[in-house]
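# Coordinate inspection notes
Each chain, letter by letter, is given below.
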Amino acid sequence: MLKTTAVQLYEGAFNLFERPMLALQKLFGQSRIAWVFLLPNLLIFGLFTFLPIILNFVFATTGGDRILLGDRPFVGTEHFASLLDCESYFDPNSCHRDLFWRAVGNTGWFVLMQVGFMILFSLITALILNRDIVLRGFFRAVFFYPVLLSPVVVALIWKWILQRNGVLNAGLEGSGMGTVNWLLEADWAFFWVVFVSIWCNMGFYVLILLAGLQSIPSDVYEAAEMDGTPRWRSLLRITLPLLMPTMLVVMVLSVIRAVQAFDEIYVLTGGGPGSATTLLIQYIYDVGFATRPRFYGLAAAASLLMAGVLFVLTMMQLAATRKQSGDN
Amino acid sequence: MKTTLTTTALGLVLVAGSASAQELRFMCYQDGTECAAWEAQMPAFEAENPGITVNVDEVPYATIIESLPVQLEVGEGPDLARVTDYGGLARFMLDVRPYVSDPEAIEARYGQSLAWARVGDNNPDGIYNIVDQLTATGGFANKTLFEQAGVEMPGAGATWAEWAEASREVRDAVGIDFAMAIDRTGHRFAGPAMSYGAQYFDENGDPILVDDGFRSFTEQFVAWHEDGTLARDVWAGAGGGTYQDAAAEFINANLVMYYSGSWQIGRFGRDIGDAFDWVATGGICGPEACTGMPGGAGIVGLKQTEHPEAVGKLMEFMARDDVQAAVLAQTRNIPANSALQEQGIDYQDVSDDVKAALTIFAGSIPTFADSAYALQGYANNRAIYTSTPARITQAIVGELSLDEALTRLDSDIAEAIAQ
């Protein structure tokens, strides 16, 4: 009965749209009808994605502190040259824009640490949650919960935990251990920035990996078990290879998100102490909006350089994905 | 026919109404209760000026500093705003002199602070700003902690070194976290730096930053961070030019001496209450001077307004002695209006601590160095205020040596001014 009603509804909807669709097809022709459907989305993309990219190029090649393009003199590649002016790219102090290169270095380390450890911990967590353990549903919810929180809320919670008189130091003091100014020592501050970022994002990747694990057919494991294959060997020879496409997706997403990290770090440390936790996005925000005068052109040039690096990384990962698909 | 006439009449009424109704948007930030105090005055203004309504939009200070200039740059934004960055916003400000009935009265009362907005291409005799909160940087000390520690509090005219010594003694005796703290901004840094001999400007009025006096105080400042005299959490606890204060630590009696400014008085009076006794320190001296920095928040009209005459009327209303007195009595700020400075403000329901602090801060303003006034009126002062904490913090945390930090600071400022 229910099925019949659903079919009737579907047919009703189909009939409702059939005539206008046929009319559209007749008007534009079959080869062009696809563009009609793509047009609304293309307009939105054009307005909110492509146009800002073009504007960014224009800002990057013009100078001054004015925002209206007509008031900005053309300076060509001056901003790019100033950002890339370094005696040694491994020594920020030798660079004209030392803070930019500190941010580049910090971002590089952050991406390496955050993505590396997050994928590792996400994988371990997903493997455990994929097993038939007690309270599995509860633990899946617990690991996903931080993803639902706003990054600002996450940062404030951890700030209360890590500050001088915070929960962590109170606990250490209570157990007779010494306290540490977690957010005032450069190395500790960086560690906690990576940790908090992993904590609040891991649940999302655990979910993706869990879906990947559940898509592996169980008969492959049953066959391995009948052959007496040890569990670690099943993990290395069955689980990881079959999970690799999902892992690549996770890697692409997590690298892009790590390079774009800003809000939780800005609230947690403000980029400090000094510039120890200043990442590229904060540098762009600082020079473009937080300092006087506003160096819009420099900020635009820095964001284009970052976009270039992201583009190369994404292409490399896509190439790896294609190779993987080809191998399979 | 009757229907047509009625419709036409209604249409005319609506058109006439919309033409005469003038709605002004006033973007306001507050340190204490400034926006609420101004909002309370608006019914009186609207009653005197039928057809003009004023909406007071309270926003965080960061919005005034970061979003307002961008809005104004593209021709958007409010009709008036309460700001502190007169130099940076000068080109967006409306000269209301043509729209006020008695410009001379305003000139006579606000002459000194009117000069802060007469920079760049603005008219040298224009009326751009009505300062409703004159401020002075200066120190606050927790008197109760001094008494508990049995340490004598340094008196008027004491030096930074004496305050540092006494504050450390108190901190160690009572077992709290911090001896001294200075807000994380180049504005607060400037007063002590000038007291150590920093000039900020050469004989021609051109800006210089790192001279012997500036270097001397910076060395002392970094050393006080290394030995724990100054709270590391304030300057090292952030990056870039981010502003950070230590008011919460002072309110929680976890800080002996706090260098901030008169705008904190109202907050301390309200939040500390009778939890402990506190005093304003008055001017703190260095080897060369005993100066702080003047400053102030004020209301400015903005050029892109569609109702310049209404803005002029509102600013003239805000400048009036009786209106300013009523607002200041509530906000507990120091008047910029010279008539009210002479006459005095009847601050409502204030404790003895607050009254004494207001007197001390108000008394310190005329004693500030000329270079302090010059820096306050300098169009690019915001570049100095944001670059100073960014670079000096790098020296504090060891990312740069002191020499490297000062060299970078000099080049940052030079580049900002060239821009």
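In every chain, residue numbers begin from 1 and rise along the written sequence. Starting at A for chains and at 1 for ligands, labels are handed out in the order in which the entities are written. For a predicted model such as this one, the threshold for reporting local features is a pLDDT of at least 70, and the threshold for listing and counting side-chain atom pairs is 80 or more; totals across whole chains, interfaces and linings nevertheless cover every residue. Excluded from the side-chain calculations are hydrogens and water; all other atoms, namely the structure's heavy atoms, are used.

## Here we look at the state of the cysteines
Convention followed: Throughout, a disulfide means two cysteine sulfur atoms within 2.5 Å of one another. The cut-offs for exposure are 20% and 50% of the maximum accessible area for each residue type, with area from a 1.4 Å probe on protein chains only; residues under the lower value are buried, those over the upper are exposed, and the others partly exposed.
Using the criterion set out here, one finds three disulfides over all chains in the structure. Here Cys86 of chain A connects covalently by a disulfide to Cys95 of chain A, the sulfurs 1.6 Å from one another. With the S-S dihedral at roughly 105°, the linkage between Cys86 of chain A and Cys95 of chain A falls on the right-handed side. The pair formed by Cys86 of chain A and Cys95 of chain A is uniform in burial state, with each residue classed as buried. Sulfur-sulfur distance for the disulfide between Cys28 of chain B and Cys35 of chain B comes to 2.1 Å. Classification of the bridge connecting Cys28 of chain B and Cys35 of chain B rests on its S-S torsion, roughly -100°, and on that basis the disulfide is left-handed. Pair check on accessibility: Cys28 of chain B and Cys35 of chain B agree, each one buried. Cysteines bonded in chain B are numbered consecutively along the chain; their disulfide partners then correspond to 1-2, 3-4.

## What about the pattern of salt bridges?
All names here are of chain B. To keep things clear, this is the line we draw: Salt bridges, as used here, are contacts in which a Lys or Arg side-chain nitrogen is within 4 Å of a carboxyl oxygen on Asp or Glu. Where helices and strands are cited, they refer to DSSP runs of H or I of at least four residues and of E of at least two residues respectively, numbered from the N terminus.
One pass over the full model with this rule turns up 24 salt bridges over all chains. Put simply, Glu107 and Arg97 hold a salt bridge, and the shortest N to O gap is 2.9 Å. Taken together, the residues span a long stretch of sequence, with Glu107 in helix 5 (residues 103–114) and Arg97 in the loop between helix 4 (86–89) and helix 5 at a distance of 10 residues.

## Let's talk about helix 19 (residues 402–418) of chain B
Using the following cut-off: In a helix, the anticipated span is given by 1.5 Å times the number of residues less one. Contacts were defined at the residue level, with two residues in contact if any of their heavy atoms lie within 4.5 Å.
The end-to-end C-alpha separation of helix 19 of chain B is 24 Å, in line with the 24 Å expected for 17 residues at 1.5 Å each. Considering only its buried residues, helix 19 of chain B is in contact with helix 4 (98–129) of chain A together with helix 9 (212–226) and helix 18 (381–397) of chain B.

## Some thoughts on the environment of Pro98 of chain B
All names here are of chain B. Take Pro98: it is sitting in the loop between helix 4 and helix 5. Owing to a relative accessible area of 61%, Pro98 belongs among the exposed residues under this scheme. Along the backbone, Pro98 and Cys285 are 187 residues apart, and their C-alpha atoms lie at a distance of 44 Å.

## Regarding the interface of chain A and chain B
The condition is simple: Two parts placed together each lose some accessible area under a 1.4 Å probe, and the buried area is that loss summed for both. We call two N or O atoms a polar contact when they sit within 3.5 Å, provided that within protein one can donate a hydrogen and the other can accept it, with sequence-adjacent residues counted only if both atoms are side-chain atoms.
Contacts between chain A and chain B engage 36 residues on the former and 33 residues on the latter. For the pair chain A and chain B, the summed buried area comes to about 2800 Å², and 44% of that belongs to carbon and sulfur atoms. Ranking the residues of chain A by area buried against chain B places Arg164, Leu184 and Arg292 of chain A at the top, with a combined share of 23%. Scanning the region where chain A abuts chain B turns up four salt bridges. Inspection of the chain A/chain B interface yields 14 residue pairs in polar contact (both at pLDDT 80 or more). Among the elements that line the side of chain A that touches chain B, the one with the most residues is helix 12 (residues 280–290) of chain A, at four residues.

## Examining a negative patch on the surface
Note the following rule: Distance thresholds for patches are 9 Å for like charges and 5 Å for nonpolar side chains (Val, Leu, Ile, Met, Phe, Trp, Tyr), applied to residues having over 30% relative accessible area and no salt bridge. What sets the accessible areas is the Shrake-Rupley method with a 1.4 Å probe; for residues, cover comes only from the shown protein chains. Here Asp and Glu are counted as negative and Lys and Arg as positive; His is not counted, and neither are the chain ends. Charged groups are reduced to one reference atom each: NZ for lysine, CZ for arginine, CG for aspartic acid, CD for glutamic acid.
On the surface, a cluster of negative charge is contributed by Asp85, Glu87 and Asp91 of chain A together with Glu404 of chain B. The topology assignment puts Asp85 of chain A in the loop between helix 3 (78–84) and helix 4.

## Focus: the packing of helix 9 (residues 218–226) of chain A against helix 10 (residues 231–259) of chain A
All names here are of chain A. Stated formally: Axis definition: a line fitted to C-alpha atoms, over the contacting stretch in the case of helices. Angles run 0 to 180 degrees between N-to-C directions. In these notes the angle categories are as follows: under 35 degrees is roughly parallel, over 145 is roughly antiparallel, 65 to 115 is roughly perpendicular, and the rest is oblique. The sense of a crossing depends on the near helix, which, turned anticlockwise from the far helix by less than a right angle, makes the crossing left-handed and, turned clockwise, makes it right-handed. Throughout this entry, Asp, Glu, Lys and Arg are counted as charged residues, while Ala, Val, Leu, Ile, Met, Phe, Trp, Tyr, Cys and Pro are counted as nonpolar. The remaining residues, Gly among them, count as polar.
Contact geometry for helix 9 and helix 10: axes closest at 11 Å, N-to-C directions at 150°. Overall, the two elements helix 9 and helix 10 adopt an arrangement that is roughly antiparallel. Our pair here, helix 9 against helix 10, has a crossing hand that is right-handed. Between helix 9 and helix 10, the contacting residues are Val220, Tyr221 and Ala224 on the first element and Ser234, Ile238 and Thr239 on the second. In the contact of helix 9 with helix 10, the residues fall into four nonpolar, two polar and no charged.

## Examining the domain arrangement of chain B
Residue and element names in this part refer to chain B. Operational definition: Either an automatic procedure or a domain database provided the assignment from which the domain bounds are taken.
Each assigned domain of chain B is listed here: domain 1 (22–134 + 295–351) and domain 2 (136–294 + 353–418). Each of domain 1 and domain 2 has a C-alpha centre, and these two points are 28 Å apart. Contacts between the two partners involve 22 residues from domain 1 and, on the opposite side, 19 residues from domain 2. A buried area of about 1700 Å², summed over both sides, lies between domain 1 and domain 2, and 59% of it is on carbon and sulfur atoms. Its largest share of buried area at the contact with domain 2, domain 1 owes to Arg332, Ile334 and Ser351, together 31% of the area lost on that side. Taken together, domain 1 and domain 2 are joined by one salt bridge. Of the charged contacts, one joins Asp85 and Arg382 as a salt bridge, the two residues approaching to 4.0 Å between their closest N and O atoms.

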